[in-house]
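Residue-level listing of the chains:
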Amino acid sequence: MNAPIRSETQPLLALDDYQLTATRYHAERPNAQLLIAGATGVPQGFYRRFAEHAAARGFDTMTLDYRGVGQSKPASLRGFDMDYLDWAHLDLAAAVDQHRHAERPLFMIGHSFGGHAFGLLPNHAEVSGFYTFGTGAGWHGWMPKAEQVRVLAMWRVIGPLITRYKGYLAWSKLGMGEDLPLGVYRQWKRWCRFPRYFFDDPQMAGLAERFAKVKTPMVALNTLDDLWAPPASRDAFMAAYVNAPYQARTLDSQAEGLGNIGHMGYFRPAAQRLWDETLDWFEQLRVEQQAA
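Residues numbered from 1 in each chain as written. Predicted model: local features only at pLDDT ≥ 70, side-chain atom pairs only at ≥ 80, totals over all residues. Heavy atoms only, no water.

As annotated in an unreviewed UniProt entry, the chain is Alpha/beta fold hydrolase from Pseudomonas berkeleyensis.

Shown next as structure tokens:
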């Protein structure tokens, strides 16, 4: 029986000195570093099982809560001012700086927003390989009809009412995840109006050029039953990584015996086979890059 994975909570100073909270899962004999870039409104504890599994396989792993989320949120989100992309530019970028190692490659896992964030990192070149789950453009038009109705109700009715009353998106009251700062809600709502998300937003000029600079090998896996980020949504977004060695994987989770995955099941224990496939890919990259 494997010994329990040792983990520790540690402070992480963002690039603008905002105090974040991260967790490190120590591999007994590490051969690589791994950083998990989570989804919008999902606290780092959700990724614990994946992180422990990766550490057991030799990946010294870090998770973090972005500002305004989980252990990195202020006492109240009312009046908390931030830009949605601070999570990439300031928080995740700092995690890359802190978690990289002079003698071991750094790999990264993304979930949903994590796949958006990678192209925004000022230090993405420090990452040797990137594997993201459930990343898509967010536009309701990519979703099945019933999900379109639910999502549009959130953006046009429920979200405006809640934020007007609370001063932030009280998602937890709806069982949707962590509460979100007002700035995150407003920008997310705006970008989800566009088929290619923020790339189509005239206020966000220059993003495509930044994503075109990424040359890190990457894989984007989406299941057919992911209602928020189906494969067409993934393809619309990931096309921006035009100069990265890129593979798209579309998973029929029912046919492959994994049951329902949806948007969140990638990191639940039933998907452990996917975890091993991902870590195997990183391990293969590590060997190839060392031999090059």
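1. Points about the UniProt feature "domain: Serine aminopeptidase S33" (unreviewed entry) in the chain
Here, UniProt's "domain: Serine aminopeptidase S33" (unreviewed entry) annotation points to residues 43-138. Secondary structure within residues 43-138 divides into 30% helix and 21% strand; the distance between the first and last C-alpha atoms comes to 20 Å. (UniProt positions renumbered as here; feature names shortened; annotations may be inferred. Helix = DSSP H or I, 4+ residues; strand = E, 2+ residues; numbered from the N terminus.)

2. Let's talk about the packing of aromatic side chains
Counted according to the given criterion, the structure contains 37 aromatic pairs. Both rings, one in phenylalanine 199 and one in phenylalanine 211, keep their centres 4.9 Å apart while their planes meet at 85 degrees; by these two values the pair is edge-to-face. Pair noted here: phenylalanine 199 is in the loop between α5 (182-191) and α6 (207-211) and phenylalanine 211 is in helix α6, with a separation of 12 residues, a long-range link. (Phe/Tyr/Trp six-rings, centres within 6.5 Å; stacked < 30°, edge-to-face > 60°.)

3. Topic: the layout of surface pockets
As a volume, the largest pocket reaches approximately 730 Å³. Trp171, Met176, Trp188, Trp228 and His263 are, among the 37 residues lining the largest pocket, the residues nearest its centre. Those elements that place two or more of their residues in the lining of the largest pocket are α3 (113-118) and α4 (145-166). The biggest single contributor to the lining of the largest pocket is α4, with seven residues. (1 Å grid on protein atoms, 1.4 Å probe; cavity = no way out; pocket = protein on both sides within 12 Å on 5 of 7 lines; lining within 4 Å. Points joined across faces, edges and corners; volume = space filled by probe spheres on them.)

4. Quick notes on the sheet that holds strand β3 (residues 32-37)
Ordered by their spatial adjacency, eight strands build an open sheet running β1-β2-β4-β3-β5-β6-β7-β8, and the pairing between neighbours is mixed. At either margin of the open sheet sits one strand with a lone partner, and together these are β1 (6-13) and β8 (246-251). Along the sheet, successive strands turn relative to each other by an average axial angle of 20 degrees, direction set aside. Here β1 runs beside strand β2 (residues 19-26); their pairing, made up of eight bridges, is antiparallel. Paired with arginine 6 across the bridge in β2 is histidine 26. On top of the sheet, helix α7 (residues 231-238) reaches β6 (127-133), β7 (218-223) and β8; it is set at about 170 degrees to β8, its chief contact. (Pairing = 2+ DSSP bridges. Axes fitted to C-alpha atoms, helices over the stretch in contact; angles between N-to-C directions. Contact = heavy atoms within 4.5 Å.)

5. Comments concerning the pairing of β6
With seven of its seven residues buried, β6 lies for the most part within the structure. Sheet topology places strand β5 (residues 106-111) next to β6; six bridges connect them, and they run parallel. By the bridge assignment for β6, phenylalanine 107 is matched with glycine 129. With α3 bridging β5 and the parallel β6, this β-α-β connection has right-handed handedness. (Buried < 20%, exposed > 50% of the residue type's maximum accessible area, 1.4 Å probe, protein only. Right-handed = clockwise from strand over helix to strand, strands pointing away.)

6. What to know about unusual backbone geometry
Phi angles above zero are rare outside glycine, and aspartate 17 is one such case at about 75 degrees. The residue aspartate 17 is located in the loop between β1 and β2 in this model. In this structure, tyrosine 197 takes a positive phi of about 60 degrees despite not being glycine. Along the chain, tyrosine 197 falls in the loop between α5 and α6.

7. Some points on the pairing of strand β4 (residues 59-65)
The element β4 is extensively covered by neighbouring structure, given that seven of its seven residues are classed as buried. Residues Phe59, Thr61, Thr63 and Asp65 of β4 are buried on one face, and the alternating residues Asp60, Met62 and Leu64, pointing to the opposite face, are buried as well. Summarising the sheet, β2 and β4 pair through five bridges and their orientation is antiparallel. Within β4, the residue paired with threonine 23 across the bridge is threonine 63. Two elements, β3 and β4, share four bridges in a ladder whose sense is parallel.

8. Describing the nonpolar core
Within the largest apolar cluster, 63 residues are counted, with the highest numbers of intra-cluster contacts made by Met108 and Phe198. Take this core: its biggest share by element is eight residues, from helix α2 (residues 86-99). Residues contacting methionine 108, with those up to four places away along its chain left out, are Leu34, Leu35, Ala37, Leu92, Val96, Phe118, Leu121, Val127, Gly129, Phe130, Tyr131 and Phe282. Counting residues in each nonpolar core, the second largest holds 30 residues, with Ala39, Val219, Ile261 and Leu279 among its members. (Core = buried A, V, L, I, M, F, W, Y, C linked by side-chain atoms within 4.5 Å.)

9. Structural notes on the packing of α4 against α5
Where α4 contacts α5, the two axes come as close as 12 Å, and the packing angle between them is 165 degrees. When the axes of α4 and α5 are compared, the pair comes out roughly antiparallel. Considering only the axes of α4 and α5, their crossing is left-handed. Residues Trp155, Gly159, Pro160 and Thr163 of α4 touch α5, and the partners they reach there are Leu182, Tyr185, Trp188 and Lys189. Of the residues in the contact of α4 with α5, the class split is five nonpolar, two polar and one charged. (Parallel < 35°, antiparallel > 145°, perpendicular 65-115°, else oblique. Left-handed = near helix turned anticlockwise from the far one by under 90°. Nonpolar A, V, L, I, M, F, W, Y, C, P; charged D, E, K, R; others polar.)

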